[in-house]
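Residue strings, one per chain:
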Amino acid sequence: MSVETTTAAPHIHAPKIELFDTRTMTNTDPKGFRRTVDEYRREEFGLYLAREVVDHHRFRYLESWLLPDHGIRLSRWTWWPGQEADYDFYLDVAEITRSPEDPAHWHTRDCYLDILVRTGRGVEVLDSDELIAAVRADLLPVDSAERAMTAAHQAVSGIAAHGYDVTAWLQSTGVTVTWREPTASSDR
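Attention in this report is confined to the structure presented alongside it. (Residues numbered from 1 in each chain as written. Predicted model: local features only at pLDDT ≥ 70, side-chain atom pairs only at ≥ 80, totals over all residues. Heavy atoms only, no water.)

1. Let's talk about unusual backbone geometry
In this model, Y112 sits at a positive phi of 75°, which is unusual for a non-glycine residue. Looking at the element boundaries, Y112 is found in strand β9 (residues 105-118). A positive phi angle, close to 60°, is found at D138, a residue other than glycine. Along the polypeptide, D138 turns up in the loop between α1 (128-136) and α2 (142-161). Accessibility expressed as a relative area gives 71% for D138, which makes it exposed. (Helix = DSSP H or I, 4+ residues; strand = E, 2+ residues; numbered from the N terminus. Buried < 20%, exposed > 50% of the residue type's maximum accessible area, 1.4 Å probe, protein only.)

2. Focus: the packing of aromatic side chains
Evaluation of the coordinates by the stated rule reveals 8 aromatic pairs. Taken together, a centroid distance of 5.3 Å and an interplanar angle of 40° make the contact between F45 and W65 tilted. With F45 in the loop between β4 (39-43) and β5 (46-52) and W65 in strand β6 (residues 59-67), this pair connects stretches of sequence that are 20 residues apart. Residue classification places W65 among the buried positions, given a relative accessible area of 0%. Clustering of aromatic rings is evident, with ring pairs tying together F45, Y48, W65, F89 and W179. Here the guanidinium or amino end of R41 rests over the ring plane of Y48, the centre of that ring lying 4.2 Å away. (Phe/Tyr/Trp six-rings, centres within 6.5 Å; stacked < 30°, edge-to-face > 60°. Lys NZ or Arg CZ within 6 Å of the ring centre and 35° of its normal.)

3. Here we look at the pattern of salt bridges
Note that side chains of opposite charge can pair when their charged atoms are close. Across all of its chains, the model carries 11 salt bridges by this definition. One salt bridge in this structure joins E95 and R147, with 2.8 Å as the shortest N-O distance. A residue pair is termed long-range when its members are at least 10 positions apart, and E95 in strand β8 (residues 89-98) and R147 in helix α2 qualify at 52 residues. The exposure class of R147 is partly exposed, given its relative accessible area of 46%. The closest approach of N and O atoms between R147 and D143, which form a salt bridge, is 3.5 Å. Of this pair, R147 and D143 both sit in helix α2, 4 residues apart, which is roughly one turn of that helix. In this structure D143 comes out as partly exposed when scored by relative accessible area, which is 40%. (Salt bridge = Lys/Arg side-chain N within 4 Å of Asp/Glu carboxyl O.)

4. Observations concerning α2
Along its 20 residues, α2 runs 28 Å from first to last C-alpha, staying within 8% of the 28 Å computed at 1.5 Å per residue. S144, A145, A148, A151, A152, A155, G158 and I159 are the residues of α2 that are buried. Seen from one end, α2 has its buried residues packed into an arc of 165°, which puts them on one side. Exposed positions of α2 whose direction lies more than 90 degrees from the buried face are V142 and A161. In this structure, the buried residues of α2 make contact with β8, β9, α1 and α3 (166-172). G163 lies just past α2 and shows a positive phi near 65°. (Expected span 1.5 Å × (residues − 1). Arc of directions from axis to C-beta. Contact = heavy atoms within 4.5 Å.)

5. Re the nonpolar core
With 31 residues, the main nonpolar core has W65, L74, L91, V93, V166, L170 and V177 as its most contacted residues. Every element with two or more residues in this core is listed here: β5, β6, β7 (72-79), β8, β9, α1, α2 and α3. The leading source of residues in this core is α2, at 6 residues. Once you skip the residues sitting within four places of it in the chain, V93 turns out to touch G71, D110, C111, Y112, L113, I115, A148, A151 and A152. Of all hydrophobic cores here, the second largest spans 9 residues; its members include F20, V37, I96 and W106. (Core = buried A, V, L, I, M, F, W, Y, C linked by side-chain atoms within 4.5 Å.)

6. Details of the pairing of strand β1 (residues 17-21)
Relative to β9, β1 is paired through 5 bridges, and the arrangement is antiparallel. Following the sheet pairing, F20 is matched in β9 by W106. Bridge count between β1 and strand β2 (residues 26-28): 3 bridges; the pairing is antiparallel. In the strand pairing of β2, L19 is matched with T28. (Pairing = 2+ DSSP bridges.)

This is how it looks when you write it as structure tokens:
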């Protein structure tokens, strides 16, 4: 008796692009929704943002660091009670640029690969199939895919070499990220 197995094809979509406007204190998400940002903080190595997440069933608050030299967006969320995830940090592999015409504008183009970090326990790369499908569909240039793979490998290797601690890895590269103090879900 043979058992037939099928693998679902990945959902193919154009790279997700976001705009971060430090002058107007807004973040325009990939669907075009303009969100108010509570805090932007510029450092030599990147841009920090903190904002509420509107109408999401799992998380209510987002903090992210855009780290262009590492090719990643490092995020953590405040979860709704009972919706907590089993990871501490989420890394989007992305191309991150500042507008030459207006330095208040930062842009990200998501390069499909994502990395989950479970501090002290492990790291997991997601969506390699989406990256390959996007290259095959000419939605992402090969050189962008190569940079994404390099960024993901460097992040995974660095995080693993530092005991699965993303903060320790970044500090070893001269990047010190800070976060808002954790609060109870009802405090936001």
